[in-house]
Every structure is written in C-alpha cells, then in structure tokens.
Amino acid sequence: MITKEELAQVRAKAKSIKAMVIGDAMLDRYIYGTVDRMSPEAPVPILSHLHTTLKAGGAANVALNLAAWGCRTSLAGLVGKDDHATTLKSLLEDHQIHHKLISVSNRPTTVKTRVVASSHHLLRIDEESSEYIYGEEETEVTREIMSFIKDEQPALIILQDYNKGLLTESLIKKIIDYCREHNVFVAVDPKEKNFLKYANVDLFKPNLREASYAAGKALVNEDLPELSKKWRNDHLITTIAVTLGSQGIFLQDETGECTVKPGRSVDIVDVCGAGDAVICSLALGLLTGLAPQKGGELANLTGAYVCSQSGVVAVNPDEIAAWLS
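These numbers come from a predicted model, not from an experiment.

Q: Honestly, unusual backbone geometry in this entry has me stumped. Any pointers?
A: The bulk of non-glycine residues show a negative phi, and the bulk of peptide bonds are trans. For Gln153, which is not glycine, the phi torsion reads 50° and is therefore positive. Tracing the backbone through its elements, the reader meets Gln153 in the loop between α4 (135-152) and β8 (156-160). With relative accessibility at 57%, the residue Gln153 sits in the exposed group. Positive phi values are uncommon outside glycine, yet Asn200 reaches one of about 65°. Checked against the element boundaries, Asn200 lands in the loop between β9 (185-189) and β10 (203-204).

So, in structure tokens, the structure goes:
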C-alpha cells in the first residue's frame, strides 16, 4: 500500500506543477428533497424540494481535483452564452482556477441536473449539445486554445473527453504535438468517438466499458495484457491504465504490468466523479515519480474516497492522508 510519506511527496511536488485540463466542461445541478407520496396525476413520486446545489462538473471537476492537490490549475473548454456559463466561471474562480471558457452562440452550457431523494437518484436531466465544432468555428476555437496553452505553459495537460463536441481529431493532434515538442506530460481520459485518435501520449485511462467498445467485444480482465500491448505499440502510448470498478485498475507500460486491487473498502454512495479523481491522482503520481503500482494504489484510494461521498466532489488529500495513518 502507498505510504503516508509517499503521499506527502506527491502533494509537495504537485504544488510546483502547472496543470491544465482541456475538455468538456459542465455544470452539475443537484435538486435535493424528500418523497412521501405519489402523484395523483401520474405514477411518479412527488419531490418536496429542500435545496439546490451547483457544482463544477465534467472537465471542470477534473480541474477542481488538480487544484485540490495544490497544482496551479487552468481549464479550457466550451460554454454557451447563458447564465449557466457565468455560474460555472464563478465556481472555477472560487478555487483560483484560470479559465478559457469559450462562448459559442449555437450551443448551451452543458448542465446535468440530478434529482435526489434520500441519496437515491430519481432522475437526471441533460441540457447539452453533442455536435462537434467544425469549419471556421473549429479554427477559431483551436486558435484560442493553442494560444492559451502557450500563455500558460503547463507541465501537465489532461484531455478530458466526454464526446460533447470540443475535442476534434484535429485539435487533439495539435495539442499532443505541442506537448511532445515542449516536453509536457499529457494524460487522456477518452470516450468512444475519438478513442483511437489519441496517440503519442504519456497516460491513457479508459474504463473497461470504453475499452470494450473500442475493441468491438466485451472484454474480460484476461484480455487486457495483449490488447494494451497492441494499443501501446500501435499508438505510442507510454502507460495504459484500464479502470475496473470495484476490481481496481490494470496498468501496463514498457517495464511490465500489474492489476492493483483496492486497498480500502468503502460504502459506495455515489460513483459520479470517481474517474475524474483517478486520472488526476494517477497522472500526478506518475509525473512526480511514483512507480505504476504505487500510482495505481493512490488512484484506487482517491476513487474510493469520491465514491464514499454524495454527489460529484473533488478529492480531499487531507482525508486520504488520514486513511493512511
């Protein structure tokens, strides 16, 4: 198990790292209440509203996780010309996250609204556009993001892809080419559409479902060593990490492979945001010198922490450290 001293070293080194997240930023809205009866109008529950909470979600939550580790953090993404964009920017600024959220008139800010009663999700409402930018809009967005990268000069870039329209094949290539030219550690949390467009990256972290979609079949753990080796060789990937839910995480690089089982059991409250915490801790662990096994142990801990909380939350390194005491 990763030690408290190793965790402290990652935290100390993270404070000197400039990190950037590029991807699909979202606003998470939680509507909380209680349910005591069914509607007489239809067979649906009636929620007695208690309160509503707004949080930064998607790529914005990844940025919050990096900031929680102590990184000087920035975020690039798309938003609409609406009040939700203003709210999201304010949430980021509350955590000292520098942002380039580019307003696009023909799409809304992505908002995920979850209706929750007694920790049970009753309903999720999505307000979004998944249409990819193209033509002059893609050219202008690409120009702004590349300029933002050059101004910020991060040492770590995480590409957080939810297939919501920002990370086109062209933009992906330009960002990665910049990272390779300027010795920037680049980590990817992929989704199905552009899965195999990510090449020449330091860390590639799909979950088992996403990997199965890319492979064209339902994968089992025994398939991962051979498949990961092929993907690493074909796409020049340094480290592949496939998250396995309650079974932990499979990691492979040129030195070998391992499956890191969870070192701590928790009561699962909500899995939302666990992947965001995992890619941040794993990327920071590898970048700051942890071996893959230790990086996997840290990733499992942070994923477990998020799953033990209600709603999308960023990791709390102090509480993780307390777990290791």
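The rest of the description comes next.
Q: Looking at this model, I keep getting lost on the packing of aromatic side chains. Mind explaining?
A: Each aromatic ring pair is described using two quantities: the centre-to-centre distance and the angle formed by the ring planes. Taken as a whole and judged by the stated rule, the model has five aromatic pairs. When the ring of Tyr30 is compared with that of Tyr32, the centres are 5.9 Å apart and the planes differ by 10°; the resulting orientation is stacked. Per residue, the accessibility class of Tyr30 equals that of Tyr32, and both read buried. Taken together, the ring pairs in this structure connect Phe195, Tyr198, Phe204 and Trp231 into an aromatic cluster.

Q: Explain the pattern of salt bridges here, please?
A: Side-chain pairs of opposite charge can arise where the charged atoms are in close proximity. With the rule as written, the count across this model stands at 18 salt bridges. One salt bridge connects Lys100 with Glu144, and the closest N-O pair in it is separated by 3.8 Å. With a gap of 44 residues between them, Lys100 in strand β5 (residues 98-104) and Glu144 in helix α4 connect regions that are remote in the sequence. Classification of Lys100 as partly exposed rests on a relative accessible area of 29%. Measuring nitrogen to oxygen at the nearest pair gives 3.2 Å for the salt bridge that ties Asp126 to Lys112. In this pair, Asp126 is assigned in strand β7 (residues 120-127) and Lys112 in strand β6 (residues 111-117), connecting sequence segments 14 residues apart. The exposure class of Asp126 is partly exposed, given its relative accessible area of 34%.

Q: Which parts of the structure should I look at to understand the environment of Glu41?
A: Tracing the backbone shows Glu41 in the loop between β2 (25-38) and β3 (45-58). Each C-alpha atom of the pair Glu41 and Lys13 lies 58 Å from the other, and the pair is 28 residues apart in sequence.

Q: Would you mind going over a nonpolar patch on the surface with me for this structure?
A: Taken together, the side chains of Val35, Leu122, Leu123 and Ile125 make up a nonpolar region of the molecular surface, amounting to roughly 310 Å² of accessible area. Per element, the largest residue contribution to the nonpolar patch is three residues, and it comes from β7. Position of Ile125 among the secondary structure elements: in strand β7. The partly exposed category is assigned to Ile125, whose relative accessible area is 40%.

What counts, and where the lines are drawn
In this convention, every chain numbers its residues from 1, walking through the sequence in written order. Under the rules for a predicted model, residues below a pLDDT of 70 receive no local features and side-chain atom pairs below 80 are neither given nor counted, while totals for whole chains, interfaces and linings still include all residues. Side-chain measures here rest on the full set of heavy atoms in the structure, leaving out hydrogens and waters. Under the DSSP-based scheme used, a helix requires at least four consecutive residues in state H or I and a strand at least two consecutive residues in state E, with every element numbered from the N terminus. Buried, partly exposed and exposed residues are distinguished by accessible area as a fraction of the type maximum, computed with a 1.4 Å probe on protein chains only: under 20%, between the cut-offs, and over 50%, respectively. Between 30 and 60 degrees the pair is tilted, below 30 it is stacked and above 60 it is edge-to-face, where a pair is any two Phe, Tyr or Trp rings, Trp via its six-membered ring, whose centres lie within 6.5 Å. Here a salt bridge means any side-chain nitrogen of Lys or Arg lying within 4 Å of a carboxyl oxygen belonging to Asp or Glu. Think of a patch as exposed residues, more than 30% relative accessible area, with no salt bridge, where like charges cluster within 9 Å and nonpolar side chains (Val, Leu, Ile, Met, Phe, Trp, Tyr) cluster within 5 Å. To measure how exposed things are, a 1.4 Å probe is used in the Shrake-Rupley method; for residues, cover is taken only from the protein chains shown.

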